[in-house]
Amino acid sequence: MSPEEKPHQSHIEKRSVVSSFIFHFPKGAREKPVVALFKRSEKVRTYSHHLAPISGSVSRSDSSVLEAAWRELSEETSLDQSSLTHWRTGKPFTFEDPSVNREWTVHPFAFKLKDPSEGGSGESAIKIDWEHEGWEWYDPYSVLKDEKLETVPRLQDSLRRVWFEGDLSERAGKALSLGLERIRNDHESGAQELTAIALMVFRDFIVHTEDGISSKEWWNTARMAAWHIIKNGRESMGAATMNALISVLDEMEDILKDEETSSQHKWERVLSMLDHHLTSRKSRATQVKDAFAYYLRFRFLHHGETLDKLTILTVSASSTIRDSILDAYASLDIRKLELRILESRPLFEGTSIGSSLLSNYKSRFMDTPGKELKVKIYTDASAALAAADVDLLLLGADRISATKGVSNKTGSLPAVLCTKHISPNAQIAVLSDLEKINCAGSMIDDDHHEDNDPMEVISAWRNDGVKAVRVLEEGMKGGSSTVEVKNTYFEWVPLYFVDAFVSEEGVMDESRIREKSTELGETVNRFFNDL
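Residues numbered from 1 in each chain as written. Predicted model: local features only at pLDDT ≥ 70, side-chain atom pairs only at ≥ 80, totals over all residues. Heavy atoms only, no water.

In the contact formed by helix α6 (residues 191-207) and helix α7 (residues 216-232), the axes pass within 10 Å of each other and the chain directions differ by 150°. Considering the angle they form, α6 stands roughly antiparallel to α7. Taken as a pair, α6 and α7 cross one another with a handedness that is right-handed. The residues of α7 that touch α6, namely those facing A198, V201, F202, F205 and I206, are W218, T221, A222, A225, A226 and I229. (Axes fitted to C-alpha atoms, helices over the stretch in contact; angles between N-to-C directions. Helix = DSSP H or I, 4+ residues; strand = E, 2+ residues; numbered from the N terminus. Parallel < 35°, antiparallel > 145°, perpendicular 65-115°, else oblique. Left-handed = near helix turned anticlockwise from the far one by under 90°. Contact = heavy atoms within 4.5 Å.)

Next comes the structure, spelled out in structure tokens:
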């Protein structure tokens, strides 16, 4: 071996890989699952004959690590989204394996196998390729505990990052697991309501972890639970949850650092602090509503005169927008309020907020002289018609990114573009608290799109009596021609389209969003980077 060769051969190769675990719940979602482990064949270069999840390198052509996970699953097992559901994302970690001269950065994922009752084919859909010589179902608890299993390095660490139940007490694991399911499956609540639910889930989890509150392990467990609630609840609406839980962790850290306080007193202070965060959320909503009333007064009511008519177009199911509109209408001298609302298929949230606004108006203003409300519901395709002669397009925000813009209900961008073209003098305003701001490079991926169940769209077609549904459904099952029905809930509106961001701090601009995003990024890294 020449001197020139030695430095090259001792160089550690860095590689980023996905590690995907396939779970199956034989008797239902609340039963104990089994996890599939695959025995690597002698043909693979590393760790042959070892048990492993489905794994592979993240390539430059992959748009995300999740896309890489789906690609490897398809290549090695023939499974795709018709057979699997993405269930959980694990916190990535890095380690070195000198035996193969590599540094691995592992991105763990968990997927649920769909039964025939869910539209899948069950385990019969698993068809392994040349990289594996066989596979079996294992009890995940046993995998974490059995040191005799011949597995690829750090398999147990990868598994526990998606199957946290194995390291927690039964009650704590169940509280977190059920809480995540509740958040993930809630497609009716807005970001504010979901954040309150997330805080309650975190509190329920903490209640079952009293033992060891003063230990480093307890603090790591609490932080990892917060990470899961943010990442594995509803990531597309997770920025508000992340901000809320970061604030909680910040105060929790101060409590734990108090060396003069007993463990019991620390415990009581932690629970009291969590209760305070839950109750104080109402005051923030009041501040946002007050800021919106101030914005309308400043922008549309000059010198205190009465405004004969204000026309607002909105694309939102936000309770904050609903309440802010009515509170501002009550406090300002506006005679006629015309609200135009896009229906928002496939769940028709526009009809829900229209109904709620009308009901609230009747209870608050029916006997108030000089007040008149007109509600118009438009189909999503009629955005240009709805935008004609409006004074204000009002959007909510599920997330605000310093680089991507405002994430809101799909249909928001067409409404903005139509308003800019049809009514160029109209204001485009976003009504949101600062909690919705995401941070650059955050655990909440701004490029992540929430693809929801296509059956929600198909059901709407069925209810409308669309005869072509059956043919399209057959096409969705594959074959020589395939059909894909997309049901994406959110889209981005670039920041430069927005005239005003109305928050609890008043009307803010892009610079404040970027400042807040930077501050948040530093705090997120402090709490989660070392997990």
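Strand pairing in a sheet relies on backbone hydrogen bonds, with the paired strands running either antiparallel or parallel. An order of β13-β14-β16 is seen for the three strands of this open sheet, with the pairing classed as antiparallel. Each end of this open sheet is capped by a strand with a single partner; those strands are β13 (399-401) and β16 (490-493). Across the sheet, the axes of successive neighbouring strands diverge by a mean angle of 30°, strand direction being ignored. Both β13 and strand β14 (residues 405-409) contribute to a ladder of three bridges, which runs antiparallel. Looking at β14, one finds that I400 is bridged to V406. Packed on one face of the sheet, helix α13 (residues 412-422) meets β14 and β16 and runs near 35° to β16. (Pairing = 2+ DSSP bridges.)

The biggest cluster of nonpolar side chains holds 50 residues, and the ones touching the most others in it are F202, I206, I229, M242, M252 and F528. Listing elements by their share of this core, those giving two or more residues are α5 (170-184), α6, α7, α8 (238-257), α9 (263-300) and α16 (510-528). Domain assignment of the residues forming this core places at least three in each of domain 2 (170-286) and domain 3 (299-448 + 490-512). Not counting residues within four places of it along the chain, the set of residues in contact with I206 comprises W218, A222, W267, V270, L271 and L274. One finds A291, L310, A328 and L392 within the second-largest nonpolar core, a separate group that totals 32 residues. (Core = buried A, V, L, I, M, F, W, Y, C linked by side-chain atoms within 4.5 Å. Buried < 20%, exposed > 50% of the residue type's maximum accessible area, 1.4 Å probe, protein only. Domains from an automatic or database assignment.)

What follows concerns the domain arrangement of the chain. Here the chain is partitioned into domain 1 (13-166), domain 2 (170-286) and domain 3 (299-448 + 490-512). Each of domain 1 and domain 3 has a C-alpha centre, and these two points are 43 Å apart.

All right, on to the side chain of R234 then. Secondary-structure assignment places R234 in the loop between α7 and α8. R234 sits in the buried class, given a relative accessible area of 6%. A polar contact is formed between the side chain of R234 and the backbone oxygen of D186, at a distance of 2.8 Å. Excluding residues within four positions of it along the chain, R234 makes contact with I183, R184, D186, H187, L194, E450, Y489 and F490. (Polar contact = N/O pair within 3.5 Å; in protein donor to acceptor, adjacent residues only side chain to side chain.)

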